[in-house]
Amino acid sequence: MTAVVELLGTTTECVDFEQALAERGWPVLQKEGGPATAMTARTTRYLLECRFPGSRTNARRGARERIEVVGDALQLDLNVEVTDLVVRDPEERPAWFAYERSAADDPPAGPPTRRARWRRRVRRWCAERLAPYRTGRHISALNRTRAQELATRTLPGTATPSPRVTVRRPIGTPDPEPGAVTGRRRRADREIFRLCHAAVVLMVTSSLIARLWPQGFAAWWVLGVVAVTTLGLATHWLIRFMPGKPGAALGAVLGLGVFTVGMGARIELSGEPGGPSGALGLLALAAGYAVFTGIRLLVRQWSWRVVAPWLLPAVLPLVLGLFPSLGLGLHALYLDAFGLNLEDVEIPRLWQLIATVRLGLAVNLWLIALAGLGYLHHFHWCVRERWPAYTLLGFFALILLWTGGWSLGLETAARAGNDAVRAAASRQAVDAYYGIGPQWVCVRPVGPADGIHADGGEFRPARPYLRIGDASGTVVLWDPAEKGALKLPMDKLRIVPVDKPPKSCAPSS
């Protein structure tokens, strides 16, 4: 960004301002006005260049506010008169590769045979089309003549090129046509970046439309508008990326749209009925990418010293992953619905780790607020550090922390336990929960039933029971009739799994 700044101050204030610009790496291109003294203030105009990361959108306003922040910090009488965008985007020249021709490619002394001519053609074609890239110099030039000149040029510290050195284009790429429009390097990268995001949006929206399709047009028309708008933007970007070739650009957009829409719909429709939704999985991945990008943009704007304290809670899932037992809070709330404790059921360590990571991710929902701050800084909407904005951000982060930790974490475990109790009371199948797999069973005593000690109630072999789990040789059975749990020694029982709980488990005579 180029800016014209008017400063009314003494020589000391001018020196302080110039020193602050130098610390930020903002060069002063021109200085007019004065002369000022240490006691007398004069008007001085600076033409300077502001360099800071962020989007081009709203960058002019961001430059003005950044200069004003410097003036406010030094308590200067400073006004920013003009800010404008400086565009430095070099042209993307075609790439060439230098290689040394074989001596067999030289014209033969006598008339060549047909076999020699074919061998020469095949060898030349292989050298020009199939040879590895790193066979020689890498050259950027607009035409073959300039590329050949650069390939044979002697450079300091390198070997003198052989007279046999020539150039070739990458595999299957023709020479550029005379007068062809040369694109811009950073602009091409931005267009490709936008096309990738458009493809992701099309895939997610098509997968969500496939999920909502049975509910009718009213359920997914907004997503349809988003998909059509995204496809139109992709067409615009691809036409800019391929100047002079609108037909090829439209064909590429059509192929991209068909591929991404087909992939998104297949991801949703390939799942089993009643199973996990592929659309929601894609949406979760896209949301995670958006949060990660926002945090990355915040790190780009600030220094690591400033961002590190904010990011310490972000490693909570990794820290908890080292101690899987810390994630047993979900299992404790689930078992509490059956009137049980963690000591009653043994849970595999792997499922403890999975539950811990899941709880840690739910707690880190507050990172959405931090990512939002990153986007605000990237688009230069939060240049000045005002306490109301950070207070609102902290309040929003606390709400997200509570929502993630309780509503999406612990409360879901308690709700799953209550749902499992209701399903068991109505003699229905009960879903597994992070290593706890309730199963309907019939229990046969080994020996007299009266000699089996039952902790928590009376054991009746004729009743079907819901097996919750076991620990230390003791099995935990839940009785739907009494709505209570029994703890029995496993070595005195023979447990027979059943698909559906029968009316009676008594053996037929």
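Residues numbered from 1 in each chain as written. Predicted model: local features only at pLDDT ≥ 70, side-chain atom pairs only at ≥ 80, totals over all residues. Heavy atoms only, no water.

## A word on the state of the cysteines
Here comes step 1: Following the criterion strictly, the structure yields one disulfide and no others.
Here comes step 2: Shown here is the disulfide that connects Cys 442 with Cys 505, its sulfur atoms set 2.1 Å apart. Taking the sign of the S-S torsion, -60° for the link of Cys 442 and Cys 505, the bridge is left-handed. With Cys 442 in strand β8 (residues 439–445) and Cys 505 in the segment after β12 (493–497), the pair connects residues that are 63 residues apart, well separated along the chain.
Here comes step 3: Judged by its relative accessible area of 2%, Cys 505 is buried. (Disulfide = S-S within 2.5 Å. Helix = DSSP H or I, 4+ residues; strand = E, 2+ residues; numbered from the N terminus. Buried < 20%, exposed > 50% of the residue type's maximum accessible area, 1.4 Å probe, protein only.)

## Details of the packing of aromatic side chains
Here comes step 1: A complete count under the given rule lists 10 aromatic pairs for this structure.
Here comes step 2: Taken together, a centroid distance of 5.1 Å and an interplanar angle of 80° make the contact between Phe 217 and Trp 220 edge-to-face. Taken together, the residues span about one helical turn, with Phe 217 and Trp 220 both in helix α6 (residues 217–241) at a distance of three residues.
Here comes step 3: Seen from their ring centres, Trp 402 and Trp 406 are 6.3 Å apart, and the 25° between their planes marks the pair as stacked. Pair noted here: Trp 402 and Trp 406 are both in helix α14 (residues 387–425), with a separation of four residues, about one helical turn.
Here comes step 4: What makes Trp 402 exposed here is its relative accessible area of 58%.
Here comes step 5: For Trp 406, a relative accessible area of 34% corresponds to the partly exposed category.
Here comes step 6: Connected via pairs of aromatic rings, a cluster forms that spans Tyr 334, Phe 338, Trp 351, Tyr 433, Tyr 434 and Trp 478. (Phe/Tyr/Trp six-rings, centres within 6.5 Å; stacked < 30°, edge-to-face > 60°.)

## So, the UniProt feature "transmembrane region" (unreviewed entry) in the protein
Here comes step 1: The sites that carry the UniProt feature "transmembrane region" (unreviewed entry) are, in the present numbering, residues 192–213, 219–239, 246–267, 279–299, 311–333, 353–375 and 387–408.
Here comes step 2: As annotated, residues 219–239 has a helix share of 100% and a strand share of 0%, and its two end C-alpha atoms lie 33 Å apart.
Here comes step 3: Regarding residues 279–299, the helix share stands at 100% and the strand share at 0%, and the terminal C-alpha atoms are separated by 30 Å. (UniProt positions renumbered as here; feature names shortened; annotations may be inferred.)

## Points about the nonpolar core
Across soluble globular proteins, nonpolar side chains have a tendency to be buried as a group.
Here comes step 1: If you look at the biggest cluster of nonpolar residues, it comprises 25 residues, and the most contacted ones within it are Tyr 334, Phe 338, Leu 466, Ile 468 and Trp 478.
Here comes step 2: The element that contributes the greatest number of residues to this core is α14, accounting for five residues.
Here comes step 3: Ignoring sequence-local partners within four residues, the contact set of Leu 466 consists of Phe 338, Ala 424, Val 430, Pro 438, Gln 439, Trp 440, Val 476, Leu 477 and Trp 478. (Core = buried A, V, L, I, M, F, W, Y, C linked by side-chain atoms within 4.5 Å. Contact = heavy atoms within 4.5 Å.)

## Some remarks on the pairing of strand β7 (residues 165–168)
Here comes step 1: In β7, alternate side chains face the same way, and those of Val 165 and Val 167 on one face and Thr 166 and Arg 168 on the other are all buried.
Here comes step 2: With four bridges connecting them, strand β5 (residues 95–100) and β7 associate as antiparallel partners. Within β7, the residue paired with Ala 98 across the bridge is Val 167. (Pairing = 2+ DSSP bridges.)

## A closer look at α6
Here comes step 1: The end-to-end C-alpha distance of α6 is 35 Å, a good match for the 36 Å that 25 residues give at a rise of 1.5 Å each.
Here comes step 2: The largest bend in α6 is about 30°, located at Leu 223.
Here comes step 3: Within α6, the full set of buried residues consists of Trp 220, Leu 223, Gly 224, Ala 227, Thr 230, Ala 234, Thr 235, Trp 237 and Leu 238.
Here comes step 4: Looking at the buried residues of α6, the elements they touch are α5 (185–212) and α7 (246–269). (Expected span 1.5 Å × (residues − 1). Bend = angle between axes of the 7 residues up to and from the residue.)

## Some words on the side chain of Glu 49
Here comes step 1: Its place among the elements puts Glu 49 in strand β3 (residues 42–49).
Here comes step 2: Owing to a relative accessible area of 5%, Glu 49 belongs among the buried residues under this scheme.
Here comes step 3: Discounting residues that sit within four places of it in the chain, Glu 49 has contacts with Met 1, Trp 26, Pro 27, Leu 29 and Arg 88.

## Points about α14
Here comes step 1: End to end, α14 covers 54 Å across 39 residues, agreeing with the expected 57 Å (1.5 Å per residue, within 8%).
Here comes step 2: If you look at α14, its biggest bend is around 40°, right at Glu 411.
Here comes step 3: One or two steps after α14, the chain reaches Arg 427, where phi turns positive at roughly 60°.

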